[in-house]
Structures are given as structure tokens and as C-alpha cells.
Amino acid sequence: MFKFLSTTLLLFFTVVVSANDVNEPKSLRLGSYQELVAKHDAKPLVVVFWSITCASCLKEMATIKEIHLEQPGLPIVMVSIDDNAEAPAVLATLQDKGLSDLESWVFAESNAQRLRYEIDSNWYGEIPRLYFFDADHKRRGISGKISKADWLELLAS
Amino acid sequence: MFKRSKKKTSLQFIWFFILAPLLLTACQSTGKIASLKPYHDHGSAALKGIIATDFAPDGTLWRLFPTDKNIFVEYSTDLGRSFSRSFKVNPKQQKINIWAENPPIIKVSRSGRIHVLYYADEDQRATTYFSYSDDQGRTFSTPILVSDEAATSMHYMDQMLVDSTGKVYFFWHDTRHGRHDPKLGSGVVSLYYTTFDSLNGRLQNQKITGGICSCCRTATALAPNDKPVILARMVLEKGIRDHALIRLLDNNQWSQPIQAITDDWRVDACPEHGPAISIDDQGRSHLVWFTLGEQRQGIFYAHTDDYGHHVSHPPLALGDSSQLPGHPDVLAIGNRVYLAWQEFDGEQTHIVVQHSHDRGASWSNRKQVLSAPGRTAHPQLIQQNDNAYLIWSSEGKGLQLLAINND
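(A) How the structure looks around the overall build of chain A. Counting its secondary structure elements, chain A contains six helices and six strands. For chain A, the α and β elements follow one another from N to C terminus as α-β-α-β-α-β-α-β-α-β-β-α. Looking at the 157 residues of chain A, the share that counts as buried comes to 34%. Considering only contacts within chain A whose residues lie at least 6 apart along the sequence, 77% involve residues at least 24 apart.

Here it is in C-alpha cells:
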């Protein structure tokens, strides 16, 4: 019975999500990240840096979708580190993975390293790179694909 | 009036193309560069600031200059202060697809043949084309696909080696067996290779190993016996992304990968940070790499005399850890070993060098030698006769070449 209910619920959310407006990726420039984070002030937030060519990132998206469906009130922001010219491919990938309703950004500075440094001066550029913000906006950065259990633990901590 | 003027311009234009190659040939024999307008004008900006280079045996510096649609080749006989007219490699425009970890390559053999490898998007995103010139770049062979599954599989992170006989080896990351391994995780691809030693014939693709980290460039070098040695970031048990050596044995079979470095970097991610290798004439392999492992974090140097079975320990830590040190290169010439890597201060990228006179036993102080704003290629160390040069290109400053002294 529980299994039936959760499947129905998941289907319901999937239909609702697919009916939502698609969020076109916005251009992330110097200063955009601080605005992005400030917009979600005093609330837990997850920011995911990814690329259309990163297999680990694409695999991680299944988990992100599950978390999104279970916690629709949790803001998850997807930031593609691909070149701005790849914005159509970025959107197509998010649509394919059922994540196009999430707030989405794409790197729009030719010097990606400078943009990364502004976000985190200790980040070498490995992806996926996830930042978990608690309600006080204390930030924790994690590199690499993580499990759903890890997500839940990080969201709870 | 207008028509006459136009006719005159056309005649001048024709004479230019007839005389320019003759003038260039004459100047070449005297070692001087003719002051000619570019044959193909590619503008001043290389795609993403990335320019590939190599020295010919006579000391001529060749460079490959990519744009978003074309690949050009030029040469310099004054160590990069000026370059010749541009020779176009690809006759038809293509969508050139390169990035710093996946740059195009130019190699000049002992005989003077110029080999060019570049990436373009075709049916599948990113595949490689090969072309060569036997007439000092005046004409290039029609570019051919290196992969025999280019329509369905990605083919990237190539390396090209040319041995002393002119035999060309290509190595690359290939997705034909997928990009996921149920035991190892995501971003796991195969390492393929092929050789080219004749004017005709298909490039027969052969698998060397699976378990390769998809987005970290694999490094290659020739051993004193003229056979290739590979240093690759592999995805090992429990998803650990550490480095292994593989070499072509005397029976022309590939050795099993030998895990040379144990950093314990357990991560399911794209580090985009490949290693480098150079082998000295006594057979010592000099290795540099990046890791964020349990054992250590940053960039490191070590050497091995038996292709990874025993490796110097502990590794030498390079760079200022507060400046994101990365993308190291290494070059061994006799007993001398040169290192170069990049650091970033939030505004500019800097190149730092260090060297050893005793095959990696002791080291000079580190020295910052070049800087540039904007997007950059990775630094590269190349050899010309007995001299070491640092080559680095960037959007901000174009191509920079620096002879590394031994102070």
C-alpha cells in the first residue's frame, strides 16, 4: 500500500513538474553568484556546479530529481560550468533529466577560473561540485557524485 | 575607371600568390622570414587562447593556431618573435572543439614531416582529425578521422608520439564501451591507440585498457628503446582516481597498468586535471600529477626507474597551496629535469618553474616567470636540441616562449 502511494505521489509530482514553466539558464558573471546566494537568504540552499560533458554530473541528476520531488520547497540551483554558447545544450540536458524547472545558470565569463575563484578560492574546478547552505548560510562544499543518503545527511546537518 | 582599377588589383593579387611561395623559399634558405601578408588571415585571437607548438630538428618553431572553424599552421625561425604566413589544414570549415585539457597537437618528426591532430564536432560531440605535411606546411593531406567509431563515440584527450623512425602513435579516451562502470562509478572510459606509418590505409583502432578517468588528459612519452610509456589517471577499486603506468613491451604487447602513485583520491567526479611524464636517456620516468587524495593534496613530482614498480617517496610537493597550483608539466634532458605549473591569484594566472641538475634528487628554488590575465592554455615544456623552453598561450598575451636558464 505504501509502495503504491509513493509511486502515485511520484507520478503526480512528475506530471506537475513537467507542466511547469521551463527555466532558461541565466548567465553567471562575476558577482552573479553572490546575488544568487543572497536571493535565498536565511533558507537552506543547494548549489550544484556541473557540465554537460561530465558523466558523474549526469549520473548525479537522478538523485537530485528524487530529492527535488521529495522536497519541492528546497531551492536547488543548477550552475553549468560550460561555455555560455552551450546554453541550449544545457537546457536540453536539464529537460532530459527532468530538472528544467530548477533555477539554472551557465558560466558566461571567458575566464572560468576567475569565476570559480570568486565562488570558492579553494575550488580547483572538479565537478560535480555541490554547496550545501544551512538556514544561517553556513556553506559546506563537496566534490563528486554523492548518494541520496549523503544528500539527506548533509541537508539534515 | 573603377573597372580598370579592379583589374589591376586582381593582377597584383595573382602575382602575389605566384611570387609569395618563391620569395618565402628563398628567404628560408637564408634563415630569414619574409615579410608577407598572411595567406590565410585568421585574426589575432586563437580559439580559447590555445596554441600548440613544436620544434623541428633544424630549430624552426612550428605552431598550430586554431580558430572556431579552421586549423592553421605557421612557423618561426626566430624563436617566435615573428611567424610565417598561415597555412590552412582543413579545407572545409568544421566546428573546432578544444579546451585547455584537450588541446590540439602539432609534432614534427626527425625527417621534417609535420603532423597535426585536432578536435571537431561531427555526428558525435568531439572526435579527432589527423593531417600531415611533407612540404614544410605548404600543403596538408586531407584530414582523416582517427576513430573508426567517430559517428557514435566521443574521442578526445589525444596524445601523439612520433618515434625516431617516424612511426606515429595516437592515444585517446574513447566512449565506445560507455562512460559508466557498475563497479567503479561514472566517467570511466577506455584508452585506445593506433599507429600511422604509411601514406594509405585505415587507422586500426586497438583498445589498451578500460578504467580510464574520462576527463583527465593521459600523458605519454617515449622510452630510450623508442617505445611508448603511458601515465594515466585510472579509476581503481572503490572509485579511487589514482595514477598508473602502462608501457609497450618488447613483444609489442601492452603491460598491465601498474599503480605507480597511491594518493587515495576516492571521488566520482571529473577532475579535468591530467598528469605529465618525461623519460630521461637512462630510462628514469619523471612524473608530475594533481590529486586531492586522502594522502596528499595539490601537485607533486616523483620518479621511477622501473616503470612504476618502485617510485621515489615521499613525492615532492610543488607550488603554493594558497594559489591553486595545477596543470604541471615535466621535461627531462640528460641529467636535468624541468618542471612548470600554473598558479592563480584571483586575477591573473602565473607560471612557475623549478629545475634539477641531478635527475630529480635535488631542486632549485621555485621561480615565477610568466603571467597573463584571462583564459589560458596549460603550460608546456618543449625541447630544442639541448635546450628547454617554456611555451604558454593565453587570450591576454597570445603565445609566450621562454628559454629556461639553469640559475
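(B) Molecular detail of the sheet that holds strand β2 (residues 45-50) of chain A. Residue and element names in this part refer to chain A. Pairing is mixed in the open sheet, where six strands are placed in the order β1-β4-β3-β2-β5-β6. Only two strands of the sheet have a single neighbouring strand rather than two, namely β1 (26-28) and β6 (139-143). Across the sheet, the axes of successive neighbouring strands diverge by a mean angle of 25°, strand direction being ignored. Both strand β3 (residues 76-80) and strand β4 (residues 103-107) contribute to a ladder of four bridges, which runs parallel. What sits directly across from V77, in β4, is E103.

(C) Region of interest: the interface of chain B and chain A. Between chain B and chain A, the residue contacts involve 21 residues of the former and 17 residues of the latter. In terms of residue class, the side of chain B that touches chain A is built from seven nonpolar, nine polar and five charged.

(D) Region of interest: the nonpolar core. Counting residues in hydrophobic clusters, the biggest one holds 137 residues, and the most contacted among them are V48(A) and V116(B). Apart from residues lying up to four places away in sequence, V116(B) is in contact with L64(B), I71(B), V73(B), V89(B), I106(B), S131(B), Y132(B) and F140(B).

(E) Here's a closer look at the pairing of strand β1 (residues 52-55) of chain B. Residue and element names in this part refer to chain B. Summarising the sheet, β1 and strand β2 (residues 61-66) pair through four bridges and their orientation is antiparallel. Looking across to β2, one finds that D54 is bridged to W62. The antiparallel pairing of β1 with β2 creates a hairpin that spans five residues between the two strands, and G59 there sits at a positive phi of about 95°.

(F) The confidence of the model for chain B, seen in detail. Residues and elements named next belong to chain B. Confidence along chain B averages 89 in pLDDT terms, with 88% of residues attaining 70 or more. Of the regions scoring below 50 in pLDDT, residues 1-39 engages in 20 contacts with residues more than four places distant in sequence or in other chains. Two summary scores accompany this predicted model of the complex, namely pTM at 0.88 and ipTM at 0.85.

(G) Seen up close, the sheet that holds strand β30 (residues 398-403) of chain B. Residue and element names in this part refer to chain B. If you walk across this open sheet you meet the three strands as β28-β29-β30, and the pairing is antiparallel. In this open sheet, the two strands that pair with only one neighbour each are β28 (380-384) and β30. Recorded for the sheet is a direction-independent mean angle of 30° between the axes of neighbouring strands. Strand direction decides the pairing type here: β28 and strand β29 (residues 387-394), joined by five bridges, are antiparallel.

(H) Fine view of the environment of V288(B). Residue and element names in this part refer to chain B. Structurally, V288 is set in strand β21 (residues 285-292). It is 26 Å that separates the C-alpha atoms of V288 and K167, two residues lying 121 residues apart in sequence. With sequence-adjacent residues up to four places away left out, V288 is seen in contact with P275, A276, I299, F300, Y301, P328, D329, V330 and L339.

(I) Unusual backbone geometry, seen in detail. With omega at 0°, the peptide bond leading from I127(A) into P128(A) counts as cis. Turning to its location among the elements, P128(A) is positioned in the loop between α5 (112-119) and β5 (129-133). The peptide bond linking H313(B) to P314(B) adopts the cis configuration, its omega dihedral lying at 0°. Checked against the element boundaries, P314(B) lands in the loop between β22 (297-304) and β23 (316-318). Its identity is not glycine, yet A126(B) carries a phi of approximately 65°, on the positive side.

(J) Here's a closer look at the environment of E118(A). Turning to its location among the elements, E118(A) is positioned in helix α5. Along the chain, E118(A) and R129(A) lie eleven residues apart, while their C-alpha atoms are 14 Å from each other.

(K) A look at the environment of A260(B). Residue and element names in this part refer to chain B. Structurally, A260 can be placed in the loop between β19 (258-259) and β20 (276-279). Overall, the presence of 23 C-beta atoms within 10 Å leaves A260 in the buried class. For the pair formed by A260 and L231, sequence separation is 29 residues and the distance between their alpha carbons is 8.9 Å.

Calculation rules
- Residues numbered from 1 in each chain as written.
- Chains lettered and ligands numbered in written order.
- Predicted model: local features only at pLDDT ≥ 70, side-chain atom pairs only at ≥ 80, totals over all residues.
- Helix = DSSP H or I, 4+ residues; strand = E, 2+ residues; numbered from the N terminus.
- Buried ≥ 20, exposed ≤ 12 C-beta atoms within 10 Å, placed from the backbone.
- Contact = placed C-beta atoms within 7 Å.
- Pairing = 2+ DSSP bridges.
- Axes fitted to C-alpha atoms, helices over the stretch in contact; angles between N-to-C directions.
- Nonpolar A, V, L, I, M, F, W, Y, C, P; charged D, E, K, R; others polar.
- Core = buried A, V, L, I, M, F, W, Y, C linked by C-beta atoms within 7 Å.
- pLDDT = per-residue confidence, 0-100.

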